[in-house]
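Coordinate analysis (summary)
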Amino acid sequence: MLDALLDEARQQAEVAEALYHESTELPISFEANRMKSINASQSSGMALRIVKDGRIGLGYSTKLDGPDDLDTLVASAVESAEFGAEARFTLPSAYTANGVTIFDPAVEALALDDLVTLGTTALDLLRDHDKDFLCDVGASRRVSRVELRNSRGGGTAYQKSVVSLGGSINLTRGEDILDVWHYAVSCRADVDAQAVAQRIIQRVEDARETATVTTKHMPVLFTPQGLGATLMLPLRQAFNGKTVLQGASPLGERLGEQVFDEKLSIYNDGTIDHAVGSAPADDEGMPLRRTPLVEDGYVRSFIYDLQTAGLAGAEPTGNGERSPNSLPAPGYHNAVIAPGTDGSLADIIGGIDEGILVEYTMGASMGNLFSGDFSGNVLLGYKIEHGKLAGRVKNTMVAGNTYDALKNIAALGSEPEWVGGSFYAPPLLVADLSVSTREG
Amino acid sequence: MRERIEEALKRHNADYVEIRVEETKSTNITYRGKDLEEVGTTTQLGGCVRAAVNGGWGFVSFNRVEDLGEKVAQAASQARIVGAEKTELADVAPVHDVVHVTMRRDPGAVPLAEKKRLMDSYVEEIWRTPKIQTSTVRYGDSYRKQYFGNSTGAYIEQERGRVTAHFGVVARDNGNVQQARAGFASNEDYGVVEGKHAEVREAAEKAVAMLDATPPKGGEFMVILDSTLAGVFAHEAFGHLSEADHVYENDKLREIMVLGRKFGGEFLNIADSGKVPGLTGSFAYDDEGVPTGKQYLIREGELVGRLHSRETAGKMGETPTGNARAQSYRVPPLVRMRNTAIEPGETPLEDMLAEVKDGVYCKNWYGGQTSMEMFTFSCMEAYAIRDGKLAEPLRGVNLSGNVFTTLENIVAVGNDFAWDPAGGTCGKGGQSAPVGDGSPHVLISKCLVGGQ
């Protein structure tokens, strides 16, 4: 079908690229301590990108029953090309087929019963720990197939398998509500119910007592999860080639300069086996690679798709990602912060006399990310007192500026962790951030 | 389609089955900076079957709309594995209806070239303002036709339209970067996105004006929210708590959210409606075939109702409210808000200002979030208030607090009212839904402001 579509499109356009995606997914959900639903989904669709008279056109359809549907798809791409942006890229002419392992037959072979068992195991572990827990659990497997081909002979084809297990508990006492969750995801069948449950239980136990802090500046330690939801957000935007192209990135003119603490190195890496952000090629057929964004505090590179790189006069980096019905745009694969040398999370806590540990925040993504300012409610955080966790802090906000905070990293852990399958980072300590709290 | 759906519903061994098939066509135009970035059209055809057996649910979604009978059997067998109790769905009289979308001006009939010309003119408007660093302009329209049938004999064909234009502007002065937004949305009229040049220019000027703003000092302050921000507050802080799917299986939250409980002053009224003309959260029937209406949540400060699907209503012995909404055929419906508003009170804005010695006037928003007990939202524009008068502009103001105490801390509700013209998009359970938020100005005696 791809070839038929490319042939038809080529009769009207200089360049054509067709992307077919198909996936089947089997998610099982448990709500309020019992199995609630089993969903099965099949989805498929085709995107057509063309260059006609030098302009980009795009069409997408999930209705692919016959030749008429292909005609409609070509017609919608041609219509939009009339008004489209000027094309500033050359599609790859080489076919990229493999390189990274992201498919595990054992995931594809997971039966409904296996997923029910995985979810039930996690649920039972949580329930057995505390009868007051109200637990939700989700277990899912997805197998997707991508086929991409362009009229220059380039493209890719691959299959990806993903299994995930997420759990969350709600513990309500009076008007005091505690929600704790954890999520594990992988391309191979190595998701562990015990580890997910254990992680949740540990966080709940640390939050049993409530501690109070006062409004002032203090050391703030971010877990990998907390880091991803706060300090990383402005950086994700600043290293995006589109932001740079628009002149809105504070780092746009600082390539090659030292902007951050020398402890900091950040990579975009699409070549890690079994990581859900990995693939042989991006969504325009460019091979994925490991790109340094920050090395030893120096700004090294931004991320680009072909068109954005063309407009910016930069080298493409193989970061052309797209939802099937839109054009490629710069996207991260696996964002990786290289580990430091300051030991485990417990080691870092051990060195803090008074501070807070931030695990989940709420609202930190809503601020003005361009300027690097962030300000979020500490949804789950703990007071650190004399080198130990001293209970959960509530009604507390943490605020600061990413660029100021990362100039001077007080500690960077040696033990990185995956967060949500495509962010890999160690805990990070900022010596001095503003913490506000409701008094009394 | 009607025959295929009704045929497929004839044979099943489930307590309840529903089928949805949807056709959608949408157009998007996106600009980044001065340049057009993307023009595209999307055509979708897809469907789903949802079945309940012994209280468990099975759901199957697909793009290949064929063999509906087999999909019914598959959904029912999945539901049977799950079900261990009793299916309790509130009764709804089965409806037979065909709902045509009645567009005042149909975006589908406006040529793409004209839409693009209009957006070009907004881009020019933004770039007339000095110190603009970049901008985004997003136009979108969509038409959706849904075929719905269920095993109680309901059959509904429903069309829905939507048109939106959203503008984001980033201003920059050296390292200082500020942003502002404007937006317009309607479910019935392309006209709402036309002739908005003054509003678009105002957003650009606001982004530039915020360059001179200072970060707030953190701590607790008396705050006044404008209608847009107070509408978000109603949505985030109270609307989500009123969604019965959070409550019906959580005994402790059920105790907190007991009907008749006092949550605020007598001047506080909050309602959710699917019937406000023109708003993108309005529609005739929800995705379970239940007619929509207006549901009071708080009346004179007292909790009087909540938002339901047929299941949550059945389990709580309450009446379905038409709040079961699915983003598309790919997902089962969730309990969602439609258009949520604090209703007007009696206090003029100037009287509120006069109450404030040292506080913050907060306008418009970037976003909001809630964890049931706690809420947070960020202001697009804010000013210090000193001795009853507006003072210097503040940037990066985030508000946060406990829902219950903040509702108690509302000390006055304004005599004005506005719906957010931009419309809203609410995220829940991985699904997004168009919603409306509205309110008058609101005075809160104590609210936590995050600052540096």
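Residues numbered from 1 in each chain as written. Chains lettered and ligands numbered in written order. Predicted model: local features only at pLDDT ≥ 70, side-chain atom pairs only at ≥ 80, totals over all residues.

This next bit is on the overall build of chain A. Helix and strand content of chain A: 11 helices and 23 strands. On C-alpha atoms alone, chain A measures out to a radius of gyration of 24 Å, which is about the 22 Å that the 2.2 N^0.38 rule sets for 440 residues. Overall, the C-alpha framework of chain A stretches about 70 × 55 × 35 Å when taken along its three principal axes. The buried share of chain A, taken over its 440 residues, is 57%. (Helix = DSSP H or I, 4+ residues; strand = E, 2+ residues; numbered from the N terminus. Rg over C-alpha atoms; globule rule 2.2 N^0.38 Å. Buried ≥ 20, exposed ≤ 12 C-beta atoms within 10 Å, placed from the backbone.)

All names here are of chain B. Once the domains are mapped, chain B shows domain 1 (2-212) and domain 2 (219-450). Computed over C-alpha atoms, the centres of domain 1 and domain 2 are 22 Å apart. Across the boundary between the two partners, domain 1 contributes 40 residues, which contact 31 residues of domain 2. Elements supplying a minimum of two residues to the side of domain 1 that touches domain 2: strand 1 (16-32), strand 2 (35-53), strand 3 (56-62), strand 5 (132-150), strand 6 (155-173), strand 7 (176-186) and helix 4 (197-209). Among the elements that take part in the side of domain 1 that touches domain 2, strand 7 stands out by supplying 8 residues, more than any other. (Domains from an automatic or database assignment. Contact = placed C-beta atoms within 7 Å.)

Taken together, the contact between chain A and chain B spans 61 residues of the former and 70 residues of the latter. For the side of chain A that touches chain B, the elements supplying multiple residues, two or more each, are strand 2 (34-52), strand 3 (55-61), helix 2 (67-81), strand 6 (155-173), strand 7 (176-186), strand 17 (373-385), strand 19 (396-401) and strand 23 (428-437) of chain A. Sort the elements by how many residues they give to the side of chain A that touches chain B and strand 2 of chain A lands first, with 12 residues. For the side of chain A that touches chain B, the class distribution of residues is 19 nonpolar, 31 polar and 11 charged. By the bridge criterion, 3 bridges tie strand 3 of chain A to strand 2 of chain B in an arrangement that is parallel. Across the sheet, Y60 of chain A pairs through a bridge with T42 of chain B, a residue of strand 2 of chain B. (Nonpolar A, V, L, I, M, F, W, Y, C, P; charged D, E, K, R; others polar. Pairing = 2+ DSSP bridges.)

Looking now at the nonpolar core. Counting residues in each nonpolar core, the largest one holds 264 residues, and the members touching the most others are L48, V220 and I356 of chain A together with A51, V72, V360 and C362 of chain B. No other element matches the 9 residues that strand 16 (residues 374-386) of chain B contributes to this core. Discounting chain neighbours no more than four positions away, the residues touching A51 of chain B are H12, A14, Y16, V17, G58, V72, A75, A76 and A79 of chain B. (Core = buried A, V, L, I, M, F, W, Y, C linked by C-beta atoms within 7 Å.)

Residues and elements named next belong to chain B. By secondary structure assignment, the location of F184 is in strand 7. C-beta crowding within 10 Å serves as the criterion here: with 20 such atoms nearby, F184 is assigned to the buried category. For the pair F184 and L253, spaced 69 residues apart in the sequence, the C-alpha separation amounts to 36 Å. Residues contacting F184, with those up to four places away along its chain left out, are A165, V192, V193, K196, P421 and A422.

Bringing the sheet that holds strand 11 (residues 290-295) of chain A into the picture now. Residues and elements named next belong to chain A. As summarised here, the arrangement of the 6 strands in space is 12-11-10-15-22-21, forming an open sheet in which the pairing is mixed. Strands with a single pairing partner mark the edges of an open sheet, and in this sheet they are strand 12 (298-299) and strand 21 (417-419). Relative to strand 22 (residues 423-425), strand 15 (residues 335-337) is paired through 2 bridges, and the arrangement is parallel. Each bridged residue has a counterpart across the sheet, and for A335 the counterpart in strand 22 is F423.

Next up on the list: the domain arrangement of chain A. Residues and elements named next belong to chain A. Along its sequence, chain A is carved into domain 1 (2-204) and domain 2 (209-440). Facing 34 residues of domain 1, the contacting portion of domain 2 comprises 25 residues. Looking at the side of domain 1 that touches domain 2, the elements that each hand over two or more residues are strand 1 (15-31), strand 2, strand 3, strand 5 (134-150), strand 6 and strand 7. Residue contributions to the side of domain 1 that touches domain 2 peak at 5 residues, all from strand 6.

It is worth spelling out the packing of helix 3 (residues 112-127) of chain B against helix 4 of chain B at this point. Residue and element names in this part refer to chain B. At their nearest, the axes of helix 3 and helix 4 sit 8 Å apart, and the two run at 35° to each other. Pair helix 3 / helix 4 crosses with right-handed handedness. Contacts from S121, Y122, E125 and I126 of helix 3 reach helix 4 at H197, V200, R201 and A204. A class-by-class count of the residues in the contact of helix 3 with helix 4 yields 4 nonpolar, 2 polar and 2 charged. (Axes fitted to C-alpha atoms, helices over the stretch in contact; angles between N-to-C directions. Left-handed = near helix turned anticlockwise from the far one by under 90°.)

Attention shifts here to the confidence of the model for chain B. Residue and element names in this part refer to chain B. Confidence in the prediction for chain B averages 93 pLDDT; 99% of positions are at 70 or higher. Looking across chain B, the model is least confident in helix 7 (residues 251-256), with a mean pLDDT of 84, and most confident in strand 12 (residues 324-325), with 98. Here the predicted complex scores 0.84 on pTM and 0.76 on ipTM. (pLDDT = per-residue confidence, 0-100.)

Residues and elements named next belong to chain B. Across the 17 residues of strand 1, 12 count as buried, placing the element largely inside the fold. Bridge count between strand 1 and strand 2: 17 bridges; the pairing is antiparallel. Paired with T27 across the strands is T41, a residue of strand 2. Taken together, strand 1 and the strand that follows it, strand 2, pair antiparallel across an intervening segment of 2 residues, in which G33 is found at a positive phi of about 65°. Note: strand 1 against strand 5, 15 bridges, orientation antiparallel.

A word on the packing of helix 4 (residues 112-129) of chain A against helix 5 (residues 193-206) of chain A. All names here are of chain A. One can describe the packing of helix 4 onto helix 5 by two numbers: an axis separation of 9 Å at closest approach and a directional angle of 30°. On the basis of their axis angle, the class for helix 4 and helix 5 is roughly parallel. With respect to the hand of their crossing, helix 4 and helix 5 are arranged in right-handed fashion. Note on element contacts: helix 5 touches helix 4 through A193, Q194, V196, A197, I200 and I201, opposite L118, T121, A122, L125, L126 and H129. Here the contact of helix 4 with helix 5 is built from residues that sort into 9 nonpolar, 3 polar and no charged. (Parallel < 35°, antiparallel > 145°, perpendicular 65-115°, else oblique.)

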